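# Coordinate analysis (summary)
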Amino acid sequence: MSIVSSLQLLHVYDSESSEDEVPGPRVSTKRSLNEDRGPENSKKLCTRLPVPEQFVAEKPVEHIDDPCLHDGRIRTIPHERGCWAVFVYIPFSVTETSGVRELCSFIKELVPDRLNLHVSNEFHISLSKILVIKFHWISSFVQTLKDRINPFKKFFILFDGLKVYCNEEKTRTFISLEIRCGHNTLVQLVDAVDRCLDDFELPTFYKNPSFHMSIAWCADDKQEELEPYLAQFSDKLEELKEAFDQDNWYLFAELIMCKVGNKIFQFTLQ
């Protein structure tokens, strides 16, 4: 339809709908919309149109923990929207041909298959428990942690001996290398991290911690079943210490890592 035709129609409509001038108060002679349309059409007009999909709020996704997807590991901290897991640690890198890898292979072969033992993918020394932090705290927390750690200098950590640990929840059991040298500095670092956690009212680390680096683990509490193998583990460790250079059994700690969700923040010691 042309613009002219449209304007003509509007003019006709305006002419037909105009009211006659009558003396006295101006009263509309138009009928109500519902009266003009009738009851059936009125019902149709009252029918609500569907809300566009982009304005419909999505239902929250329910997170279901499935240990089968994580080698039998059980989530010890429930998932909560807006909260992120946080963990402070010292990383330890090893090559595929290192003494630690050789020790892990020996332990894996010695332990019965029924225990379903797993070799650790990443090696580290914990400086905090796994905690939960609100999303809007992350920036302040990371900056506070950086300030607390900043005065510390690089130091050596020497591994010596093996021990079996079980976590507080009794959901995992670990075979770990104990620490002989570097303990005092680790205590001071944990104290600095704890002060940061106190600022945000988060749980602090264990009292009188036994510092260690886990190299293998299995699900549930298997401490009593693994401890009888410790003598053989230890003999193999002594054998490997003779076969591999000393740098396989110590760590020059120069980095502190803070993992928040899937993000990792790195702090370099002086």
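Keep in mind that this is a model prediction, so the values were computed, not measured.

A few words now on helix α8 (residues 230-243). For α8, spanning 14 residues, the distance from its first C-alpha to its last is 20 Å, which sits close to the expected 20 Å at 1.5 Å a residue. Those residues of α8 lying buried are L230, F233, K236, L237 and L240. Taken end-on, α8 shows its buried residues confined to a sector of 125°, consistent with a single buried face. Away from its buried face, by an angle of more than 90 degrees, α8 presents the exposed residues D235 and E242. Of the surrounding elements, those touching the buried residues of α8 are α4 (99-110), β5 (155-166), β6 (172-181) and α7 (223-226).

Bringing the packing of aromatic side chains into the picture now. A full pass over the atoms with the stated rule returns 10 aromatic pairs. Here the aromatic rings of F205 and Y206 are separated by 5.0 Å at their centres, their planes lie at 55°, and the arrangement is tilted. F205 gets classed as buried once you look at its relative accessible area, which sits at 9%. You can call Y206 partly exposed: its relative accessible area is 37%. Through a chain of ring-to-ring contacts, three or more aromatic side chains come together here, namely W137, F141 and F200. The ring of W217 has R172 lying over it, and the distance from NZ or CZ to the ring centre is 4.2 Å.

Of all residues in the protein chain, 71% have pLDDT values of 70 or greater, and the mean over the chain is 83. Note on residues 2-25: pLDDT under 50 across the span, and 9 contacts to partners over four residues away in sequence or across chains.

Bringing the side chain of S120 into the picture now. Here S120 lies in the loop between β2 (118-119) and β3 (123-126). Not counting the four nearest positions on each side in its chain, S120 is found in contact with R101, S214, I215, A216 and W217.

Below, the discussion takes up the nonpolar core. Counting residues in hydrophobic clusters, the biggest one holds 59 residues, and the most contacted among them are I90, I125, F141, I157 and I215. At 7 residues, helix α6 (residues 183-199) tops the list of elements feeding residues into this core. For I215, the residues in contact, after removing those within four places along its chain, are V100, L103, C104, I107, V119, S120, F123, L162, I175, S176 and L177.

Looking now at the packing of helix α5 (residues 138-149) against α6. Across the interface, α5 lies against α6 with an axial gap of 9 Å and an inter-helix angle of 150°. Viewed along their axes, α5 and α6 adopt a mutual orientation that is roughly antiparallel. Relative to α6, the crossing made by α5 is right-handed. Residues F141, T144, L145 and R148 of α5 form the contact with α6, whose own contacting residues are A192, V193, R195, C196, L197 and D199. Taken together, the residues that form the contact of α5 with α6 break down as 6 nonpolar, 1 polar and 3 charged.

This paragraph deals with the environment of S140. Along the chain, the position of S140 falls in helix α5. What makes S140 partly exposed here is its relative accessible area of 42%. Considered as a pair, S140 and F200 are 60 residues apart in the sequence and their alpha carbons are 9.4 Å apart.

All right, on to the pattern of salt bridges then. A side chain with one charge can pair with a side chain of the opposite charge if their charged atoms come near. Counted according to the given criterion, the structure contains 10 salt bridges. The residue D160 makes a salt bridge to R180 at a minimum N-O spacing of 3.4 Å. Pair noted here: D160 is in strand β5 and R180 is in strand β6, with a separation of 20 residues, a long-range link. On the basis of relative accessibility, which here comes to 24%, the residue D160 falls in the partly exposed class.

End to end, α4 covers 17 Å across 12 residues, agreeing with the expected 16 Å (1.5 Å per residue, within 8%). Buried residues of α4: G99, V100, R101, L103, C104 and I107, and no others.

The rules behind these values
Residues numbered from 1 in each chain as written. Predicted model: local features only at pLDDT ≥ 70, side-chain atom pairs only at ≥ 80, totals over all residues. Heavy atoms only, no water. Helix = DSSP H or I, 4+ residues; strand = E, 2+ residues; numbered from the N terminus. Expected span 1.5 Å × (residues − 1). Buried < 20%, exposed > 50% of the residue type's maximum accessible area, 1.4 Å probe, protein only. Arc of directions from axis to C-beta. Contact = heavy atoms within 4.5 Å. Phe/Tyr/Trp six-rings, centres within 6.5 Å; stacked < 30°, edge-to-face > 60°. Lys NZ or Arg CZ within 6 Å of the ring centre and 35° of its normal. pLDDT = per-residue confidence, 0-100. Core = buried A, V, L, I, M, F, W, Y, C linked by side-chain atoms within 4.5 Å. Axes fitted to C-alpha atoms, helices over the stretch in contact; angles between N-to-C directions. Parallel < 35°, antiparallel > 145°, perpendicular 65-115°, else oblique. Left-handed = near helix turned anticlockwise from the far one by under 90°. Nonpolar A, V, L, I, M, F, W, Y, C, P; charged D, E, K, R; others polar. Salt bridge = Lys/Arg side-chain N within 4 Å of Asp/Glu carboxyl O.

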